[in-house]
Amino acid sequence: MATLEEDPLAPYYFQQEEQLICGQLVSPITDCYNAMMNYPSMVDRFFTRYYYIKAGAAYQLLYHSNRICLVCLAPTHPAYGEGIAKVSYNVGNVDRSQNVVKGKAKKGGMILQADTTLAVLTTDAGNTYKIPSCIRGKLVEVNTALLADAKQLQLAPEGAGYFAILLPKIENCDDIKASLLTQQQYEEQLKRGET
Amino acid sequence: MKNQALIDYLAACGVCRVCQLRYLKARGNEYRDMQQTFKRLDVEVSPSAEAQDTPDEQPPKKPRFSICSTCLGLFSEEFQTQLIEGILKSDFANYDSEGIVLAISLPMTLQLRQLSMWFALQRQFGRSAIDDNCPPDVPIKEAVKLILHPIVCARLGKAYDANGLMINIDVRHSVEAAEVAKLAELNRAAFPAKAAHQKRIEISRGLLEKQYQPARIKAELFEKYLPIPPTAVEDALQLQAIELTGPLICVAGRYRKLSRELSHTPWVLHGKRIMEESIEEIIVRHVGPHFSETLEKITFMSSGREDVDVRCLGKGRPFVLEIANARRSSMTRQQAHQMEQAVDRTGKVSIHNLQVVPREQLTHIKTGEEQKRKYYRALCVLEQPVTLDILQKLQISASFDIQQKTPIRVLHRRPLHTRPRTIFSVKTRVFRDNPRLLIIDVVSQAGTYIKELVHGEFGRTTPSISSIIGKPIDILALDVVGIDLDWPADVNNAETE
C-alpha cells in the first residue's frame, strides 16, 4: 500500500458470513464473478437483434428466445440526429396506447402487420416518422413512458427505448426471422451506405 | 305405540336383535349389552331369541330365521368373524396406522328393505306413530359406525380415526340384481315425468336416499314391485373384496439448495429432460420409500420456489411431501436424521427439521403467500467502479413500493400485469477486490422478481436499483438467504434422546 490515506469505501466492504451446508462451507456469492469472463449484456444474453428498413430508416427488433419482440429504433435512425421531440401512439384511426390484453393468451391485443404503423415520432427538425410494427404479431404492451418524456429515447440504453412489445405466433417465427435483416446483413448494408 | 308391540312385530318379520334395537333408536353403547337395553326399555324378549344373541355361546342357528330381513346379516356374528378374517388376510399387517376407518359399500337392497319396513310399520301402527319424513330406525350407515366400528376396532386392537387407514369393504348380496331391476321399473312408474325427460336415469344410492321416502312415494305403488314387509332371504351377505387405503401423511421440513444447476421440479421441454435431477426428486427419493412404495404418487409442495440458477441458503425453504396411501404414518428422529444425512450426501440439496405434521398445518404453506417476506443476496456489476454516492444511495432502511410488470422472460406464458410490490430494505456492500462488484441484500415482499428489480428491465420495473442510482447495473448471481415463515417447527433430529 502506497498511502495510508483513509479509504472512503472501507465501511462498505463485503464480509462473508460463514455457513455450513451439506458439511461444506458455503462459498461466497462473489465467487460467481470470473474476472476473465466477458459478461454479455442483458440484450446479448437473451435477445437476438434483427433489423427492418422502412422509408430509408432502420428499425431494430430485439427477439427474445421466448419469441417476445421489442420494437426499437436502430442506432442509425435519422431521428437521433434530428433530435426526438415527441412520440404518439395515436396513429390516426386508432390509439395504440389503449391496447388491452387479457390472460395468458393476450386476448384482445391489436393484430399488427409488419408495415402497420405502430407509433408516430416527431423530431425537433419537424419531421415525422411512422414507426412500423416490423413483424406480424399481437400487440402486448406499448412503452407509455415515451409519451411523457420522448427525450429519454435519445439517451436510453439499448432496449430501454422500446416502442412496443409484440408477440408473434409460434408458427410464423421462422418466416418472420427470414424476412428481417440479421445483425450481419445490417452491418453490410451500412458499409455499402444504403441506410 | 308400545316398544313391546313394535319389537314383537319386528321379531315376527324376521328382524334380528340388533336391528330391533335400531328400531328402538338405540344409541352408542346401548348396542353393547343388548339385554340390558331391552330391559331398560321395558321390552321382553323370547328366551330362545335371547340365547341366540349371547356372545359367549354360539348355538346352531335355524337357517330360516337366522338371516335378518332388514340388514341381511350385516350385524350378525358370522359376518363380523368373516370380516375380521378377511381384513387379517389382506395386506393389513403391512400398515402401521394406529387408527382405522371402515368404508362399507352396501347393496342397495338394504335401503329398499328399510323403506319396505317403514311402510310396514306405518300400516301396522298408523301414520301418526310412524313419521313420513323421518326414518323409524337408526340408518344402517350410522349403525355401522355405532355397532361394527367398535367391534372391529377392538378385535384388531386399533382406534377409530376418520383420517386413518381406510378399509374399503365391498359387500354383495344375491338378491341385489333382481331387486334393483324391480326398483328401476318402480322408478319409471313413480317419476314418469323425470324418466321421460332424461334418457337414462341412474339408479343410485343418492337417488334412493333423496326420492324414496313415504312422503314422496305411495306404499300401494311400491307394493306393486316389491313386497311389504321385506321378505326373508336364503343367503347371507357376501364379502366381495377388501381393499386398504393408507392414510395421507404429510412430511414437512426445510430445504437448502447449493447448486446453481438444479431445477425445482423435473424440467421437461418437448418431452426431453433439460436437467437430470430436481430438488423434488432428490427429496422424494430419500424420504418417500419409508412411507410408500409408489413414489410417483407423492406430491411435493414448497413455500415458493427459486430459479434454477439461484441458491437457497440460510434456514432454507419450508416444504411438504403429501404421501397418499402411506404404509407407515410415523418415523423416529433417528430415521429422520438418516434421511437428512442421505440428502446431504448429494452435495446439492440439504434438508433439516424433517417431521411428520398434521394435515391441517398445510395451510401455513399454502396461504398468505403474498404477505411473506423474502431475503435475497444479489451479486451485481456496474459499468464503472462504485462511488461513495452510489453506495450511500443503496443503503435504504425505509420500505418503498415498486411497480413491476410481468417480466419479458415469462411474458409469453403468463398474463401481463403491473404488480405493486414492497421492498422493505436494501443494504449494499462492495467487493474489496473489484469495486465494480456490489453485493446487495434485499428484503422484499414475496413475489418480487429480484433480477428485474436490479436492472429495471428497460424501465418495466420502477423504481429499480438501476433507476435509483441512475446508471445501468446488471445482476450476475442471486441467493435466497431467508424466508419469513416459522413453520415447520425446529427439530434437531441429530440429537439422540
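In this text, all values refer to a predicted model and were calculated from it rather than measured experimentally.

Q: Got a minute to help me understand the interface of chain A and chain B in this structure?
A: How large an interface is tends to be reported as the accessible area lost when its parts come together. Taken residue by residue, the interface counts 44 residues in chain A and 49 residues in chain B. Carbon and sulfur atoms make up 68% of the surface buried where chain A meets chain B, a total of about 3800 Å² over both sides. On the chain A side of the contact with chain B, Tyr12, Ile29 and Tyr33 of chain A bury the most area, a combined 19% of that side's loss. On inspection of chain A and its partner chain B, the count reaches four salt bridges. A salt bridge links Glu141 of chain A to Arg460 of chain B, with the nearest nitrogen and oxygen atoms 2.7 Å apart. Where chain A touches chain B, the interface holds 13 residue pairs in polar contact (both at pLDDT 80 or more). Contributing elements (two or more residues each) for the side of chain A that touches chain B: β1 (20-21), α1 (42-46), β10 (137-142) and β11 (164-167) of chain A.

Q: How should I be thinking about the side chain of His352 of chain B in this particular structure?
A: Residue and element names in this part refer to chain B. Inspection of the secondary structure puts His352 in strand β10 (residues 349-357). Only 2.9 Å separates the side chain of His352 from the backbone oxygen of Lys315, close enough to count as a polar contact. Discounting chain neighbours no more than four positions away, the residues touching His352 are Gly253, Arg254, Arg256, Lys315 and Glu340.

Q: Explain the nonpolar core to me, please; I cannot follow it from the model alone.
A: Grouped burial of nonpolar side chains is what soluble globular proteins tend to show. Counting residues in hydrophobic clusters, the biggest one holds 73 residues, and the most contacted among them are Leu74, Phe75, Met117, Ile167 and Tyr212 of chain B. Once residues lying within four places of it in the same chain are set aside, the contact partners of Phe75 of chain B are Val18, Cys19, Arg22, Gln80, Ile140, Ala143, Val144, Ile147 and Leu148 of chain B.

Q: Looking at this structure, how should I read the pattern of salt bridges?
A: Opposite charge on two side chains makes pairing possible when the charged atoms of those side chains draw close. All names here are of chain B. The full count for this structure, using the stated rule, is 31 salt bridges over all chains. Residue Arg22 is joined to Asp137 by a salt bridge in which the shortest nitrogen-to-oxygen separation is 2.7 Å. Separated by 115 residues along the polypeptide, Arg22 in helix α2 (residues 17-23) and Asp137 in the loop between α7 (109-125) and α8 (140-156) bring together distant segments of the chain. Here Arg22 matches Asp137 in class, with each residue buried. The partner of Arg377 in a salt bridge is Asp441, with the nearest N and O atoms 2.8 Å apart. Note that Arg377 is positioned in strand β11 (residues 373-382) and Asp441 in strand β14 (residues 434-445), a separation of 64 residues in sequence. Owing to a relative accessible area of 10%, Arg377 belongs among the buried residues under this scheme. Where salt bridges share partners, they join Asp307, Asp309, Arg409, Lys451 and Glu452 into one cluster.

Q: I'm lost on a nonpolar patch on the surface in this one. Help?
A: Residue and element names in this part refer to chain B. On the surface, a nonpolar cluster with roughly 270 Å² of combined accessible area is contributed by Trp267, Leu269 and Ile274. With respect to the element layout, Ile274 can be found in the loop between β7 (272-273) and α13 (279-291). Look at Ile274 and you get partly exposed, because its relative accessible area is 42%.

Calculation criteria
- Within each chain, residue numbers correspond to sequence positions counted from 1 in written order.
- Chains carry letters from A onward and ligands carry numbers from 1 onward, assigned in written order.
- Two thresholds apply to this predicted model, a pLDDT of at least 70 for residue-level local features and 80 or more for giving and counting side-chain atom pairs, whereas whole-chain, interface and lining totals are computed over all residues.
- To get the side-chain values, take all heavy atoms of the structure and skip hydrogens and water.
- Residue contacts follow a heavy-atom distance rule, with two residues in contact if any of their heavy atoms lie within 4.5 Å.
- The term buried area means the drop in 1.4 Å probe accessible area that two parts suffer when joined, counted for both and summed.
- The salt bridge definition used is simple: a Lys or Arg side-chain nitrogen within 4 Å of an Asp or Glu carboxyl oxygen.
- Definition of a polar contact: a pair of N or O atoms within 3.5 Å, with one able to donate and the other able to accept a hydrogen when the atoms are protein atoms, and with sequence-neighbouring residues admitted only if both atoms are side-chain atoms.
- Secondary structure elements are defined from DSSP: runs of H or I of at least 4 residues count as helices, runs of E of at least 2 residues count as strands, and each element is numbered from the N terminus.
- Among buried residues, those of type Ala, Val, Leu, Ile, Met, Phe, Trp, Tyr and Cys that are joined through side-chain atoms within 4.5 Å constitute a nonpolar core.
- Buried, partly exposed and exposed residues are distinguished by accessible area as a fraction of the type maximum, computed with a 1.4 Å probe on protein chains only: under 20%, between the cut-offs, and over 50%, respectively.
- What makes a patch is a set of residues exposed beyond 30% relative accessible area and free of salt bridges, joined within 9 Å when like-charged and within 5 Å when nonpolar (Val, Leu, Ile, Met, Phe, Trp, Tyr).
- Only the protein chains shown count as cover for residues, with accessible areas throughout obtained via the Shrake-Rupley method and a probe of 1.4 Å.

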